[in-house]
Amino acid sequence: MAIFLIRHGETAANAAHIVQTPETPLSPRGIDQAERLARRLATLRVAAILASDLPRAHMTAERIGAVTAAPIALDAGLQERDFGDVRGQPYASLGVDLFAPDYVPPGGESWATFHARIAAAWPRVVAAARAAHGNLAVVTHGLVCRAVAERQLGLTPERWTPPWRNASLTVVDGGPPWLVTVANCTTHLD
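A few points on the structure. (Residues numbered from 1 in each chain as written. Predicted model: local features only at pLDDT ≥ 70, side-chain atom pairs only at ≥ 80, totals over all residues. Heavy atoms only, no water.)

## Remarks on the overall build of the protein chain
Of the regular secondary structure elements, the protein chain holds 6 helices and 6 strands. Along the protein chain, from the amino end to the carboxyl end, the secondary structure elements read β-α-α-β-α-β-α-β-α-α-β-β. For 190 residues, the compact-globule formula gives about 16 Å, and the C-alpha radius of gyration of the protein chain, at 16 Å, lands near that figure. Referenced to the eigenvectors of the C-alpha coordinate spread, the extents of the protein chain come out at roughly 45 × 35 × 30 Å. Among the 190 residues that make up the protein chain, the fraction classed as buried is 51%. Look at the contacts in the protein chain between residues 6 or more apart in sequence, and 66% of them connect residues 24 or more apart. Accessible surface, the protein chain: about 8,400 Å² in total, of which carbon and sulfur atoms supply 57%. (Helix = DSSP H or I, 4+ residues; strand = E, 2+ residues; numbered from the N terminus. Rg over C-alpha atoms; globule rule 2.2 N^0.38 Å. Buried < 20%, exposed > 50% of the residue type's maximum accessible area, 1.4 Å probe, protein only. Contact = heavy atoms within 4.5 Å. Areas by Shrake-Rupley, 256 points an atom, 1.4 Å probe, with all protein chains shown as cover.)

See the structure below:
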C-alpha cells in the first residue's frame, strides 16, 4: 500500500500570487499539469482517489481518475487553510505575512485550528488507503501537504524543498512508521 500525496495543479490565482477563494478552478496550465501527473500515475496501481472537495483539487482528481479508472471520494477535511476575509486579495497588498505562526486571518482559521483539522483527516486517509486494495491518491492543497509531511510523516523542510509545488507528488509507503520515498516531486512536468 502506498499513499500518493498530491497538490492540485496550478490556478490563475497561484500564478498571480492571489489568496485563493474556495471556488477557484484549475487554469489551462493547471489542467495540463494534472494530465501529466495522471500519465505518471497511470501504471502505479491507483485503486482509489481521495480529494479535497474544492474545485481545483477535484479537477486534478478527475484527470487522475480518467487515466486510472479509480473512483473518487471527496473529503472537506482536506481543504486548504481557510484564509477568511483575505481570500481574493493579492499577497503583496496584505501588509502581513500570511504564513506567520501567530497570524490569524479575519474570519479564517488559526494555524492551531487548521492543524487540528488536518490531524483529524489523516486517520481517514489511512483508512481509505487500507481499504483501497492498491494505492491511494490523495489530492489536496499545498499547506495540507506541508502539514501532513511535517506533522504526520515527520519530514523536515530539507526533505521536501519548500514551497510545495503545483501538481507535485509525494510517495508514502508502509506505515506507521511511514517511509517517504519521493517528496514534492514534479519531474513529470519537465
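## Comments concerning the packing of aromatic side chains
All chains considered together, the criterion is met by 4 aromatic pairs. For the pair phenylalanine 83 and phenylalanine 99, a centre-to-centre distance of 6.2 Å together with 85° between the ring planes defines the contact as edge-to-face. Of the two residues, phenylalanine 83 is situated in the loop between strand 3 (72–74) and helix 4 (111–131) and phenylalanine 99 in the loop between strand 3 and helix 4; the sequence distance between them amounts to 16 residues. Put simply, the rings of Phe83, Tyr91 and Phe99 touch in pairs and so form one group of aromatic residues. Over the face of the ring belonging to tryptophan 111 we find arginine 81, whose NZ or CZ atom lies 4.0 Å from the ring centre. (Phe/Tyr/Trp six-rings, centres within 6.5 Å; stacked < 30°, edge-to-face > 60°. Lys NZ or Arg CZ within 6 Å of the ring centre and 35° of its normal.)

## Quick notes on the pattern of salt bridges
Side chains that differ in charge, positive against negative, can pair when their charged atoms come close. All told, the structure shown has 7 salt bridges when counted by the stated rule. Across the pair arginine 63 and glutamate 35 runs a salt bridge whose closest N-O atoms are separated by 3.7 Å. Note that arginine 63 is positioned in helix 3 (residues 55–68) and glutamate 35 in helix 2 (residues 28–41), a separation of 28 residues in sequence. For aspartate 75, the salt bridge identified is with arginine 124, shortest N-O distance 2.8 Å. One end of the pair, aspartate 75, is in the loop between strand 3 and helix 4; the other, arginine 124, is in helix 4, and 49 residues separate them in sequence. On the basis of relative accessible area, arginine 124 is assigned to the partly exposed category, the value being 38%. (Salt bridge = Lys/Arg side-chain N within 4 Å of Asp/Glu carboxyl O.)

## A look at the sheet that holds strand 6 (residues 178–185)
Pairing in this open sheet of 6 strands is mixed, and the strands run 3-2-4-1-5-6 from one edge to the other. The sheet is open, and its two borders are formed by strand 3 and strand 6, each paired with just one other strand. Looking at each pair of strands side by side, their axes are set apart by 20° on average, direction ignored. Relative to strand 6, strand 5 (residues 169–174) runs antiparallel, the two being bridged by 5 bridges. Each bridged residue has a counterpart across the sheet, and for glycine 174 the counterpart in strand 6 is tryptophan 178. Helix-sheet contacts for helix 3 involve strand 1 (2–7), strand 2 (46–51), strand 3 and strand 4 (135–140), and the interaxial angle to strand 2 is about 170°. Against the sheet, helix 4 contacts strand 1, strand 2, strand 4 and strand 6, and its axis sits at roughly 150° relative to strand 4. (Pairing = 2+ DSSP bridges. Axes fitted to C-alpha atoms, helices over the stretch in contact; angles between N-to-C directions.)

## Comments concerning the pairing of strand 1
Most of strand 1 sits inside the fold, with 6 of its 6 residues counted as buried. Where burial is concerned, the two faces of strand 1 agree: the one with Ala2, Phe4 and Ile6 and the one with Ile3, Leu5 and Arg7 are both buried. Bridge count for strand 1 against strand 5 is 5 bridges, and the pairing is antiparallel. Bridge pairing in strand 5 places phenylalanine 4 opposite valine 171.

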